[in-house]
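Remarks on the overall topology
Chain by chain, the residues:
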Amino acid sequence: MGKLADLHGGAFTRALVRRFVAHYGVNMQEAADPRIESYASFNDFFTRALRAGARPIADASLVCPVDAAISQYGPIEHDQIFQAKGHSYSTTALLAGDADLARRFDHGHFATLYLAPKDYHRIHMPCDGRLVSMAYVPGDLFSVNPVTARHVPGLFARNERVVCEFETEFGPFVNVLVGATIVGSVATVWHGVVNPPRPHRVVRWDYRGQDIVLRKGQEMGRFLLGSTIVMLFPQDVVSFHPDWAPTKPVRLGEAMGAIAGATSPL
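For every chain, the first residue of its written sequence is number 1, and the numbers climb from 1 along that sequence. Selection of residues for local features in this predicted model requires a pLDDT of at least 70, selection of side-chain atom pairs for listing and counting requires 80 or more, and totals for whole chains, interfaces and linings are taken over all residues. Just so you know, side-chain values use all the structure's heavy atoms and leave hydrogens and water out.

1. Description of the overall build of the chain
- Helix and strand assignments come from DSSP, with helices taken as H or I runs of at least 4 residues and strands as E runs of at least 2, each series counted from the N terminus. Scanning the chain for helices and strands turns up 7 helices and 18 strands.
- Over its C-alpha trace the chain gives a radius of gyration of 18 Å, about what one expects of a compact globule, namely 18 Å for 266 residues.
- On the principal axes, the C-alpha backbone points of the chain span a range of 55 × 40 × 40 Å.
- We call a residue buried when its accessible area falls under 20% of the maximum for its residue type, exposed when it is over 50%, and partly exposed in between, using a 1.4 Å probe and counting protein chains only. The buried share of the chain, reckoned over its 266 residues, is 53%. When we talk radius of gyration, it's over C-alpha atoms, and the globule rule is simply 2.2 Å times the number of residues to the 0.38.

Right, dumping it as C-alpha cells:
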C-alpha cells in the first residue's frame, strides 16, 4: 500500500484522490493547493500542506499538535498508560525498553490522539523543544482506530513506532508516532523518511550535539497514511484543557492545556 501511495499514477491517482475526498468528506478548501490534479501521488495529497491561516496557533502554553480525535488522556500511573477500558500498557515498552527515559515520566501525564483518514496528517509541536533523540521501533501494524484500541492489549506499545524525545522549559517531552495498517512510512523534518528501511531491531539517533530547536506550532513530522500519536509529560507539569474529553475532535493550534508556571492563558 505504501508503494501504491507513492505511485505517480496520472489519471488513476487523480481518480483515487477524488474518491477518497468524496468518501471521507475531506475539506480541500483548507489545503494550500485545493486542486486534486496538482498532486502527483496519493501521498502528496495525503500529506498536503494547509493554506496560510487555516490553523491559527492559540495563545496557550500548550497547543494541540494535530487534527485528530482524543483517544485517551490523563495521569501515568507509575509505569502504566491507560489505553481503553480493561487495557493499559507499559511506558517502558512504549519507549522501546528505555527504562531510564520512562522513569522521567512516572506519575506524569499522557495524551493519545487518533488521526482519522480525513484529517490533516502533518504533526506540529505543542510547545518549544530542543531535539534530544529519536528511535525507530519495529513492531506490528494493527489498525489503531477506537474499536481496535478497545480490543488489542498493549496496542501502542506493540505497533511499529518512532519515538521523538525533546527537552523543554518544563523538562522532558516525548512524542511517539505510532504506525498502523497500511501506513507507508513516518517522516520527520530533521531526518526525512524514517521507515523504510525497516530493520528488525531498534535503531537510535542521538542529537545532543546538534542544536535542533523546534518552536510551538512548527511542523515536526508527518504520517504517510496516518495513525496515532502518544505524548508524554513529566509529573506536576500539565493541566489539560477543561473541555477535553475522550472522542472529542481537536484541531491543530487549539489550546491543549496549561504548563505549570507558564504565563500563557488557556
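2. Here we look at the pattern of salt bridges
- The term salt bridge refers to a pairing of a side-chain nitrogen on Lys or Arg with a carboxyl oxygen on Asp or Glu at a separation within 4 Å. A full pass over the atoms with the stated rule returns 15 salt bridges.
- Its salt-bridge partner being Glu 30, residue Arg 251 comes within 2.9 Å of it at the nearest N-O pair. Of this pair, Arg 251 sits in the loop between strand S17 (249-250) and strand S18 (255-259) while Glu 30 sits in the loop between helix H2 (11-24) and helix H3 (42-46); the two residues are 221 residues apart in sequence, bridging distant segments of the chain.
- Judged by relative accessible area, Arg 251 falls into the partly exposed class, the value being 35%.
- Among the salt bridges present, the one from Glu 219 reaches Arg 122, with a minimum N-O distance of 3.2 Å. Of this pair, Glu 219 sits in strand S14 (residues 219-224) while Arg 122 sits in strand S6 (residues 122-124), and the two are 97 residues apart along the sequence. Taken as a pair, Glu 219 and Arg 122 share a single burial class, namely buried.
- Each of Glu 30, Arg 55, Asp 67 and Arg 251 takes part in one network of salt bridges that share partners.

3. Points about the nonpolar core
- Grouping buried Ala, Val, Leu, Ile, Met, Phe, Trp, Tyr and Cys residues that are joined through side-chain atoms within 4.5 Å yields what is termed a nonpolar core. With 39 residues, the main nonpolar core has Leu 113, Phe 166, Leu 177, Trp 190 and Met 220 as its most contacted residues.
- Contacts are assigned to residue pairs with any non-hydrogen atoms lying within 4.5 Å of each other. With residues near it in sequence (within four places) discarded, Phe 166 still touches Met 125, Gly 129, Arg 130, Leu 131, Val 132, Gly 171, Pro 172, Phe 173, Trp 190, Leu 214 and Met 220.

4. Description of the environment of Arg 122
- Residue classification places Arg 122 among the buried positions, given a relative accessible area of 14%.
- Separated by 73 residues in sequence, Arg 122 and Ala 49 have C-alpha atoms that sit 7.8 Å apart.
- Non-local contacts of Arg 122, meaning those with residues more than four positions away in its chain, are made with Thr 47, Arg 48, Ala 49, Pro 65, Val 66, Glu 219, Gly 221 and Arg 222.
- Residues adjacent in sequence count toward polar contacts only when both atoms are side-chain atoms; beyond that, a polar contact is any pair of N or O atoms within 3.5 Å, and within protein one must be able to donate a hydrogen and the other to accept it. A polar side-chain atom of Arg 122 sits 2.7 Å from the main-chain carbonyl oxygen of Thr 47.
- Looking at Arg 122, its side chain comes within polar contact range of the side chain of Glu 219, at 3.2 Å.

5. What to know about the sheet that holds strand S16 (residues 238-240)
- A sheet is described by the order of its strands in space; here 3 strands give the open sequence S1-S18-S16, paired in antiparallel fashion. Where the open sheet ends on each side, the last strands, each with one partner, are strand S1 (62-63) and S16.
- The rule for pairing is simple: two strands pair if DSSP sees at least two bridges between them. With 2 bridges joining them, S1 and S18 adopt antiparallel strand pairing. Counterpart to Val 63 in the pairing with S18 is Ala 255.

6. Some words on unusual backbone geometry
- Phi at Ala 96 is positive, roughly 60 degrees, even though this residue is not glycine.
- Looking at where Ala 96 falls in the secondary structure, it is placed in the loop between helix H4 (91-94) and helix H5 (99-103).
- In this model, His 107 sits at a positive phi of 65 degrees, which is unusual for a non-glycine residue.
- Note on placement: His 107 falls in the loop between H5 and strand S5 (109-114).

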